[in-house]
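This is what each chain is made of:
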2 protein chains.
Amino acid sequence: MTVKVMHWGLGAMGGQMAELIATKKGITSVGAIDLDPNKVGKPLGEIFEGQTNDVKVSDDAKKVLSEEADIVIIATGSFTEEVYPLVEQALNSKKNVICIAEEMAFPAQQQPKLAKQLDELAKENNVTLLGTGINPGFVLDLQIIALTGVCYDVQKIEAARVNDLSPFGPTVMKTQGVGTSVEEFNKGIEDGSIVGHVGFPESMAMVAKSLGWELDEIKETKEPIISNTHRKTKYVEVQPGMVAGCKHIAYGIKDGETVIKMEHPQQVLPETEGIDTGDYINIFGTPEVSMAIKPEIPGGIGTVSVAVNSIANVINAEAGLVTMADLPVPAAIMGDIKDRLKK
Amino acid sequence: MTVKVMHWGLGAMGGQMAELIATKKGITSVGAIDLDPNKVGKPLGEIFEGQTNDVKVSDDAKKVLSEEADIVIIATGSFTEEVYPLVEQALNSKKNVICIAEEMAFPAQQQPKLAKQLDELAKENNVTLLGTGINPGFVLDLQIIALTGVCYDVQKIEAARVNDLSPFGPTVMKTQGVGTSVEEFNKGIEDGSIVGHVGFPESMAMVAKSLGWELDEIKETKEPIISNTHRKTKYVEVQPGMVAGCKHIAYGIKDGETVIKMEHPQQVLPETEGIDTGDYINIFGTPEVSMAIKPEIPGGIGTVSVAVNSIANVINAEAGLVTMADLPVPAAIMGDIKDRLKK
């Protein structure tokens, strides 16, 4: 048996997943759904390195899903409401699903009703549904949970993901407010055009649930990172006094105290102010655990890898909606993925 | 329902587990087996802080195991052959088992026949058997595997656990060769009285299996750490030129090349020579991932925590012999452990 994958969404993330899967043994792409007229009708191999010419990109989801496959990877949006109809359709075709929508990492937090429906739907169809990605899905949740595993008890968790947005283009610059004035930034936060990080409530909820903490409240703040330096990338220029990015912080509050604090300042060229990019986790408990990954795990490669490396875990899992905290850790696939399958 | 635990072995590790469990909700100790005449016959609560006086330590394993419990924690030795009869007896009493013997973290590596028998025995009795601890079980295996999960591919892994043996007493000083001359050290390695770290083959095998690498060979070297400084602890004094500990290194070799290198130099007071203790993992692949936990996760607390925090995962797991790579990550128990149980 070879693991058969269908791709739903062939943008930056979905496309790189198709290319990564093409390099792995025991797994093959058997279907591809996308609405981009530049892709529809073309063989995967014409668009993605190493991919097969036997599969053509289709905009007809129903037709593609009528064929047999083990798993569908959905990479089309960030929000549960947005991807819900796609996930529903894929589950109803009796296929396991991995979805990289940020909110799907723990959909019960912001969409408890939809999460319940998806869980029931997955169970009815005897398949498994996982939401994952680098963050949420790994850095500020799974990695934190694992590190609490070495502790007698935990009083407080502080974690930060400090990255550099330099490689990203105009869209990301806009949604993070890079290059704006402070006034423009504040307006952008108000009207929702500057969004910061999507996924804090999900990461918070995953950590709290795993430990058995009941949070009273999750608070989020988004502030402009005002640059003291001149910062210039291919896509943007930031003068001193202008905004270099968005400092997004989330607080998980229990009995009136912050027990989880997560920071994700996203900006261009933080090193111009002597700031090291990295993923940082500090567990205050017995013992204290202080972890640093420097530089930070890259977001794009990380999301693509975590999703693809979770495929066998999802196929092996019991039916229903699961999170990364319910599955074995993902591992890079260096052999034949079939060796990972239980059945 | 309350999770019922039996303790088999109440030395330093087993005793701390009994104390930790006494602080947690939804779990209770219902049996205790130990051969130490200073403990036999005494109520647990007389020996271990917070424990119950309703359970007396017994040297009659058969009798204790004839009572009902969900899980037995075995903390009596380091080697599979040594703990095998105990594990067998616990499994045959139809109880799940967690064993902290280092070799039991991946018993198939050095004792494939015994591992197969234990797997069959667990399945026959419809219970789960896990070997775990901080290392092997977490630092140089589970943590490495998880970090490869963010990678497209991995060419090489280098990891080190650099610790300070200062808190440990005469037994550990002896087994690591601390305070010996180089000549005595080499003699100790030869006659087996200086052992270094137990668990490299197990960690290597767990990582390799998770990634899908077939190692040709695992090589180990043990060298004296010759001190340049004067080092003095409560239990030992090391003059310059004498041995401060054992530098134990393992190499996982594939197609003639080292693809996994693990170092575990164990010594007293490494900071006298400017060495930072810590757990370090470097994944060479796409992307490169460089992680540091400073100082290192403490061995004793870590082993006790990982074992206790894995209890619900083991009860939830399918029957058979499993490793940490087969289960969800452990998490500190801050709520009621019953909330973690599936059934």
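Each chain carries its own residue numbering, running from 1 in the direction its sequence is written. Both sets of labels track the order of writing: A upward for chains, 1 upward for ligands. Where local features are concerned, this predicted model is filtered to residues with pLDDT of at least 70; where side-chain atom pairs are given and counted, the filter is 80 or more; whole-chain, interface and lining totals use all residues. With hydrogens and water excluded, all non-hydrogen atoms of the structure serve as input to the side-chain values.

Focus on the relation of the copies chain A and chain B
Phase 1 of the analysis: Least-squares superposition aligns the copies on the C-alpha atoms of those residues with pLDDT at or above 70 in both. For the match of chain A to chain B, the screw axis carries a shift of 0.0 Å, the RMSD comes to 0.1 Å, and the turn is 180°. These values place the two chain copies in the arrangement generated by a two-fold rotation axis. Residues of chain A ranked by C-alpha distance from the rotation axis are headed by proline 328 of chain A, positioned 2.2 Å from it.
Phase 2 of the analysis: Here a residue-residue contact requires only that any non-hydrogen atoms of the pair lie within 4.5 Å. Looking at chain A, 100% of its interface residues are interface residues in chain B too, so the copies touch through the same face.

Focus: the interface of chain A and chain B
When the parts of a complex come together, some accessible area is lost, and that lost area is often taken as the interface size.
Phase 1 of the analysis: Counting from both sides, the interface comprises 51 residues of chain A and, opposite them, 51 residues of chain B.
Phase 2 of the analysis: The quantity reported as buried area is the accessible area (1.4 Å probe) lost by two parts once they are put together, taken as the sum for both. Regarding the contact of chain A and chain B, the summed buried area is about 3,800 Å², with carbon and sulfur atoms giving 61% of it.
Phase 3 of the analysis: Among the residues chain A hides against chain B, the three largest losses belong to Tyr152, Val329 and Met334 of chain A. Together they make up 19% of the total.
Phase 4 of the analysis: The term salt bridge refers to a pairing of a side-chain nitrogen on Lys or Arg with a carboxyl oxygen on Asp or Glu at a separation within 4 Å. Seen at the junction of chain A and chain B, the total is 2 salt bridges.
Phase 5 of the analysis: Close ionic contact of glutamate 318 of chain A with lysine 342 of chain B constitutes a salt bridge, the shortest N to O distance being 3.5 Å.
Phase 6 of the analysis: Pairs of N or O atoms within 3.5 Å make up the polar contacts considered here, provided that, within protein, one atom can donate a hydrogen while the other can accept it, and that residues adjacent in sequence are counted only when both atoms are side-chain atoms. Across the contact surface, chain A and chain B share 28 residue pairs in polar contact (both at pLDDT 80 or more).
Phase 7 of the analysis: Under the scheme used here, helices are H or I runs from DSSP no shorter than 4 residues and strands are E runs no shorter than 2 residues, and both carry numbers assigned from the N terminus. Counting only elements with at least two residues in the side of chain A that touches chain B, the list comes to α1 (12–22), α6 (142–148), β6 (153–164), α9 (200–211), β13 (289–293) and α10 (299–309) of chain A.
Phase 8 of the analysis: Three classes are used: nonpolar for Ala, Val, Leu, Ile, Met, Phe, Trp, Tyr, Cys and Pro, charged for Asp, Glu, Lys and Arg, and polar for all others, with Gly counted as polar. Among the residues making up the side of chain A that touches chain B, the classes are represented as 32 nonpolar, 12 polar and 7 charged.
Phase 9 of the analysis: Bridging between β13 of chain A and strand β13 (residues 289–293) of chain B involves 3 bridges; their strand directions are antiparallel. DSSP calls a pair of strands paired once it identifies at least 2 bridges connecting them.

Brief notes about a negative patch on the surface
Phase 1 of the analysis: On the surface, a cluster of negative charge is made up of Glu214, Asp216 and Glu217 of chain A together with Asp339 of chain B.
Phase 2 of the analysis: Checked against the element boundaries, aspartate 216 of chain A lands in the loop between α9 and β7 (217–226). Each patch is assembled from residues with relative accessible area greater than 30% and no salt bridge, linking like charges that lie within 9 Å and nonpolar side chains (Val, Leu, Ile, Met, Phe, Trp, Tyr) that lie within 5 Å. Per-residue and other accessible areas were derived by the Shrake-Rupley procedure at a 1.4 Å probe size, with only the shown protein chains allowed to occlude residues. A positive count includes Lys and Arg, and a negative count includes Asp and Glu. His and the chain ends are not counted in either. All charge positions are set by atom: Lys at NZ, Arg at CZ, Asp at CG, Glu at CD.

Thoughts on unusual backbone geometry
Residues and elements named next belong to chain B.
Phase 1 of the analysis: At the junction of threonine 286 and proline 287, the peptide bond is cis and its omega measures out at -5° in the coordinates.
Phase 2 of the analysis: Among the secondary structure elements, proline 287 is positioned in the loop between β12 (278–286) and β13.
Phase 3 of the analysis: Here the residue pair lysine 294 and proline 295 is connected by a cis peptide bond, since its omega of -5° sits within 30 degrees of zero.
Phase 4 of the analysis: Examined against the element boundaries, proline 295 turns out to sit in the loop between β13 and α10 (299–309).
Phase 5 of the analysis: Residues other than glycine seldom take positive phi values, yet lysine 94 does so here, at roughly 65°.
Phase 6 of the analysis: Here lysine 94 shows up in the loop between α4 (80–92) and β4 (96–99).
Phase 7 of the analysis: Think of it in three bands: with a 1.4 Å probe and only protein chains considered, a residue is buried below 20% of the maximum accessible area for its type, exposed above 50%, and partly exposed in between. Judged by its relative accessible area of 54%, lysine 94 is exposed.

Some words on empty space enclosed by the protein
Phase 1 of the analysis: Detection works on a 1 Å grid of protein atoms alone, calling trapped sets that fit a 1.4 Å probe cavities and calling open sets with protein on both sides within 12 Å along at least five of seven lines pockets, with lining residues defined by an atom within 4 Å of a point. Grid points are joined across faces, edges and corners, and a volume is the space filled by probe spheres set on the points. With the rule as written, the count across this model stands at 1 cavity of 30 Å³ or more.
Phase 2 of the analysis: Volume-wise, the largest cavity comes out at about 60 Å³.
Phase 3 of the analysis: Taken together, Phe138, Leu142, Gln143, Ala146 and Val329 of chain A together with Phe138, Leu142, Gln143, Ala146 and Val329 of chain B form the lining of the largest cavity.
Phase 4 of the analysis: In terms of residue class, the lining of the largest cavity is made up of 8 nonpolar, 2 polar and no charged.

Describing the sheet that holds strand β7 (residues 217–226) of chain B
The pairing of strands in a sheet comes from backbone hydrogen bonds and takes either a parallel or an antiparallel form.
Phase 1 of the analysis: Spatial ordering of the open sheet is given by β7(A)-β10(A)-β11(A)-β6(A)-β12(A)-β13(A)-β13(B)-β12(B)-β6(B)-β11(B)-β10(B)-β7(B), a layout of 12 strands whose pairing is mixed. With partners counted over all chains shown, the strands left at the sheet margins are β7 of chain A together with β7 of chain B, one partner each. Taking the axes of each pair of neighbouring strands and ignoring which way they run, one obtains an average angle of 10° across the sheet.
Phase 2 of the analysis: As defined by bridge partners, strand β6 (residues 153–164) of chain B adjoins β12 of chain B across 9 bridges and the pair is classed as antiparallel. Opposite isoleucine 157 of chain B, over in β12 of chain B, you have isoleucine 283 of chain B as the bridge partner.
Phase 3 of the analysis: Axes, fitted as lines to C-alpha atoms, cover a helix only where it is in contact. Angles between the N-to-C directions of the axes lie from 0 to 180 degrees. Along the sheet, helix α8 (residues 182–191) of chain B contacts β7 and β10 (243–254) of chain B; its crossing angle with β7 of chain B, the most-contacted strand, is approximately 155°.

Brief notes about the UniProt feature "domain: 2,4-diaminopentanoate dehydrogenase C-terminal" (unreviewed entry) in chain A
Phase 1 of the analysis: UniProt positions are given in the numbering used here, feature names are shortened, and annotations may be inferred rather than shown by experiment. Feature annotation in UniProt assigns "domain: 2,4-diaminopentanoate dehydrogenase C-terminal" (unreviewed entry) to the following positions: residues 138–342 of chain A.
Phase 2 of the analysis: With 25% helix and 32% strand, residues 138–342 of chain A has end C-alpha atoms that lie 24 Å from one another.

A few points about the side chain of glutamine 176 of chain B
All names here are of chain B.
Phase 1 of the analysis: Structurally, glutamine 176 can be placed in the loop between α7 (170–175) and α8.
Phase 2 of the analysis: A relative accessible area of 6% places glutamine 176 in the buried class.
Phase 3 of the analysis: At 3.0 Å, the side chain of glutamine 176 forms a polar contact with the backbone oxygen of glycine 196.
Phase 4 of the analysis: Glutamine 176 has contacts with Leu165, Phe185, Ile194, Gly196, His197, Gly245, Cys246 and Gln266, leaving out every residue within four places of it along the chain.

Points about the pattern of salt bridges
Phase 1 of the analysis: Within this structure, the stated rule accounts for 24 salt bridges over all chains.
Phase 2 of the analysis: Linking aspartate 276 of chain A and lysine 294 of chain A is a salt bridge whose minimum nitrogen-to-oxygen distance equals 3.4 Å. In this pair, aspartate 276 of chain A sits in the loop between β11 (257–267) and β12 (278–286) while lysine 294 of chain A sits in the loop between β13 and α10, placing the two residues 18 residues apart along the sequence.
Phase 3 of the analysis: Of the residues examined, lysine 294 of chain A reaches a relative accessible area of 40% and is grouped as partly exposed.
Phase 4 of the analysis: Across the salt bridge formed by lysine 4 of chain B and glutamate 68 of chain B, the nearest N and O atoms sit 3.4 Å from each other. Taken as a pair, lysine 4 of chain B in strand β1 (residues 3–8) and glutamate 68 of chain B in the loop between α3 (61–65) and β3 (71–74) lie far apart in primary sequence, 64 residues in all.

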